[in-house]
Amino acid sequence: MSHATGYIPRDYKAQPRGTVAFTSPFDLKPIPKSEWKGRIDYLKEQKARLSDVVTANGLKASDQNGLPYCWAHGTVNAMRVLRAKEGQLYLDLSATAVAAQIKGFRESGGNTFDAIPHVAKHGVPTFKTWPQNKMDRSLVTEEMKDEASLTTLKEWYEMEPNDMEMKATSLLSGIPVIGGYSHMGHMMCDLDLIYKGDEFGVLTWNSWGETWGNFGNGTMELWGRKAVSFDQAAPRVVRVA
Amino acid sequence: MRSGTKPALYLLAALVAAQLAGVEGCDISLPSGERAIDVPGLAVLIVYESGQTLPKEQQAILTSAQWTALVPPGNYRVLDQNSEFATDSPWKTAMQRPRTQLPHLIVSSDKGNYEGPLPADTAAMVAKVQEYQ
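Sequence positions are assigned chain by chain, starting from 1 and proceeding in written order. Naming scheme: in the order in which they are written, chains are lettered from A and ligands are numbered from 1. Totals for whole chains, interfaces and linings use every residue, but because this is a predicted model, local features are given only for residues with pLDDT of at least 70 and side-chain atom pairs only at 80 or more, for both listing and counting. The side-chain numbers reported here are obtained from all heavy atoms of the structure, hydrogens and water having been left aside.

Peer 1: Mind showing me how you'd approach the interface of chain B and chain A here?
Peer 2: Where interface size is quoted, it is often the accessible area lost as the parts come together. Taken together, the 30 residues of chain B in the interface contact 35 residues of chain A. In short, buried area is how much 1.4 Å probe accessible area vanishes from two parts on joining, totalled over both. Approximately 2,600 Å² of surface area, both sides summed, lies buried where chain B meets chain A, with 52% of it carried by carbon and sulfur atoms. The term salt bridge refers to a pairing of a side-chain nitrogen on Lys or Arg with a carboxyl oxygen on Asp or Glu at a separation within 4 Å. Taken together, the links from chain B to chain A amount to 2 salt bridges. When the shortest N-O distance is used, the salt bridge between Lys154(A) and Glu84(B) registers 3.8 Å. The term polar contact refers here to a pair of N or O atoms within 3.5 Å; inside protein, the definition further demands a hydrogen-donor-capable atom paired with an acceptor-capable atom, and it admits residues adjacent in sequence only when both atoms are side-chain atoms. Linking chain B with chain A are 13 residue pairs in polar contact (both at pLDDT 80 or more), by the criterion used here. Helix and strand assignments follow DSSP, with helices taken as H or I runs no shorter than four residues and strands as E runs no shorter than two, numbered in order from the N terminus. Listed by contribution, the elements that provide at least two residues to the side of chain B that touches chain A are α2 (56-63), α3 (65-68) and β3 (76-80) of chain B. A per-element tally of the side of chain B that touches chain A places α2(B) first, with 6 residues. Residues are grouped as follows: nonpolar covers Ala, Val, Leu, Ile, Met, Phe, Trp, Tyr, Cys and Pro; charged covers Asp, Glu, Lys and Arg; every other residue, Gly included, is treated as polar. For the side of chain B that touches chain A, a count of residues per class yields 11 nonpolar, 12 polar and 7 charged. Contacts are assigned to residue pairs that have any heavy atoms within 4.5 Å of one another.

Peer 1: Looking at this structure, I do not really get the nonpolar core. What am I missing?
Peer 2: What tends to happen in soluble globular proteins is that the nonpolar side chains get buried as a cluster. Residue and element names in this part refer to chain A. Formed by 46 residues in total, the largest nonpolar core has its most connected members in Trp71 and Trp205. When contributions to this core are tallied by element, the ones reaching two or more residues are α2 (50-56), α3 (70-85), α4 (95-102), α5 (112-122), α6 (142-148), β2 (153-158), β4 (186-196) and β7 (231-238). When sequence neighbours within four positions are dropped, the list of residues in contact with tryptophan 71 reads Gly6, Ala99, Ile102, Lys103, Ser108, Gly109, Gly110, Asn111, Thr112, Asp114, Ala115 and Met187. We define a nonpolar core as any set of buried Ala, Val, Leu, Ile, Met, Phe, Trp, Tyr and Cys residues linked to one another through side-chain atoms lying within 4.5 Å. The rule is simple: take the accessible area with a 1.4 Å probe, protein chains only, and divide by the maximum for that residue type; under 20% is buried, over 50% is exposed, in between is partly exposed. Tyr157, Ala168, Tyr181 and Met188 belong to the second-largest nonpolar core, a separate cluster that totals 29 residues.

Peer 1: Could you clarify how one ought to interpret the packing of aromatic side chains in this entry?
Peer 2: For any two aromatic rings, the description comes down to two numbers: the centre-to-centre distance and the angle of the planes. Residues and elements named next belong to chain A. Pairing of aromatic rings covers Phe, Tyr and the six-membered ring of Trp, with a centre-to-centre limit of 6.5 Å; geometry is then stacked below 30 degrees between planes, edge-to-face above 60, and tilted otherwise. One pass over the structure, following the stated rule, counts 8 aromatic pairs over all chains. Each residue in the set Trp36, Tyr195 and Phe200 is aromatic and connected to the rest through ring pairs, giving one cluster. The rule is short: NZ of Lys or CZ of Arg within 6 Å of the ring centre and within 35 degrees of the ring normal puts a charge over the ring. Residue placement shows arginine 10 over the ring face of phenylalanine 113; its charged tip is 4.4 Å from the ring centre.

Peer 1: Mind showing me how you'd approach the confidence of the model for chain B here?
Peer 2: Detailed reading of the predicted coordinates is not advisable wherever pLDDT falls low. Residues and elements named next belong to chain B. Residue-level confidence of the predictor, termed pLDDT, takes values from 0 up to 100. In the predicted model, chain B carries a mean pLDDT of 83, and the fraction of residues at 70 or more is 76%. Here residues 1-24 scores under 50 on pLDDT; set against residues more than four positions off or in separate chains, the count is 20 contacts. Two summary scores accompany this predicted model of the complex, namely pTM at 0.90 and ipTM at 0.88.

Peer 1: Honestly, the sheet that holds β4(A) in this entry has me stumped. Any pointers?
Peer 2: Two modes of strand pairing occur in sheets, parallel and antiparallel, and in both the strands are linked by backbone hydrogen bonds. Residue and element names in this part refer to chain A. Strand pairing follows a simple DSSP-based rule, namely that at least 2 bridges must link the two strands. Across the sheet, which stays open at both edges, the 7 strands sit in the order β1-β2-β7-β3-β4-β5-β6 with mixed pairing between neighbours. Single-partner strands in this sheet number two, and they are β1 (23-25) and β6 (219-223). Neighbour-to-neighbour, the strand axes of the sheet open up by a mean angle of 40 degrees, direction not taken into account. Sheet contacts for helix α1 (residues 33-45): β4 and β5 (199-205); angle to β4, the most-contacted strand, approximately 90 degrees. Angles here are taken between N-to-C directions and fall from 0 to 180 degrees, while the axes themselves are lines fitted to C-alpha atoms, restricted in helices to the stretch in contact. This element, α3, spans β2, β3 (177-181), β4, β5 and β7 of the sheet and lies at about 55 degrees to β4.

Peer 1: I would appreciate a short explanation of the pattern of salt bridges in the present structure.
Peer 2: If charged atoms from side chains of opposite charge come close, those side chains can pair. Enumeration according to the criterion identifies 18 salt bridges over all chains in this entry. A single network of salt bridges, built from pairs that share partners, joins Arg10(A), Arg17(A), Glu158(A) and Glu160(A).

Peer 1: Honestly, unusual backbone geometry in this entry has me stumped. Any pointers?
Peer 2: The peptide bond linking Leu102(B) to Pro103(B) adopts the cis configuration, its omega dihedral lying at -5 degrees. The topology assignment puts Pro103(B) in the loop between α4 (90-95) and β4 (104-109). In this model, Lys47(A) sits at a positive phi of 50 degrees, which is unusual for a non-glycine residue. Inspection of the secondary structure assignment puts Lys47(A) in the loop between α1 and α2. Of note in this structure, Phe105(A) is not a glycine but carries a positive phi near 70 degrees. Mapped onto the elements of the fold, Phe105(A) is located in the loop between α4 and α5.

Now the structure itself:
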C-alpha cells in the first residue's frame, strides 16, 4: 500500500471563483454553530450520518495505489456516497479513469475543480471498462465512454476556501464534501462533522485502501484547524442511471 | 356539456386529489392494482430539494438506515427534484407524478399507495413504511 497524495491547491488568480463549469455557489442556508452539536448527536442517534450510509451500503475505501490522484478519488468517492444515499445501484467507479483522461495519462497532481467538469460532462466508468489504477490508453473505448455517460454528475457546489461553516452545513445536510488539506497535500471525501468538548472536526474518507485508517475502514479524524480545508466542493445532484 | 369540459373536470379532480395529498397526505386511489411506483413489492421514493435546509428531524430521514432496512434492496430512492434520468424507469415515471410540496414521499406496495408530505421524523417514517409492508 502506498500513501500517495497529489493535491495541488487551486490557483484562484488563474481560475477565479465562478469559472469552473458545472459548479454554482453554495446556497444552503447556514446552520448556526450553536446547532452543530445537537444535529451531530441527533444524526448519530438516528444512524443517519454519511459514515452510516457508507457502512450500511458496504462501501469500501478506494486505493490510489501510489498514483497522485487523490483529487479524483475524493471527487469520485463523494459521488459514491451520494449515490448510496440516493438508493442507486452500487457501481465500482474508477477514479483512475477520470484522472488519467484529464491528465493525458501523466501521473500528475490536481484538484477536484479539475475533476468536476470532466465528471459532469463525461461521467465515470466502472471497473468493468476501466479497472482501478490501470494506466492504459487502450481503455479509452466507445464502450467505456457509453458506460461512463450513465453516471454524469450534473450539479456541484463551489464552496468558499477555508469556510468551515459551509462545510459543516453541507455535512449536516447529508452532502459529502471534497476537501483539500494543505497540511497533508491531500484531497479526501469528508463524511461527518464531529466534536469532542468544544472542538469540532471532520471524519474524512481516505483513498489509501480499506484496511488503512483509525477504524479499519479507511477513515480518519481531523481536528481543529487541521479540519479546515482550503479547496472544498460538494456534489449536489447525481444523474440517475 | 360542451366539448372539452370533461377533460377540464378530470383535471380539476386530479388537482384536488393532489392538493389533498399535499396538505395531509393520503392513500391515493389509483385504478385497481396500479402502483404509484411501478416496481414489484414495497417501494419508496423521497423527492426533496437539496438546496433547502430541513429541520434536523426530517434531514435525518434522508440518510437513515432505519427505514431503508425495511425496504427490499434496490426498492428505494431519495432524489433531488432536479435529478436527471439516463433512461426511462419506474422511478422517472413516479417522479413525474403531481406533488404540491417538498420534501415529498411516495410509498407503494400491494396494500396501496401513499403520496404526501415527508413525515416529521424517522420514527414516523418507519411507521409509514411499515403500514405498506
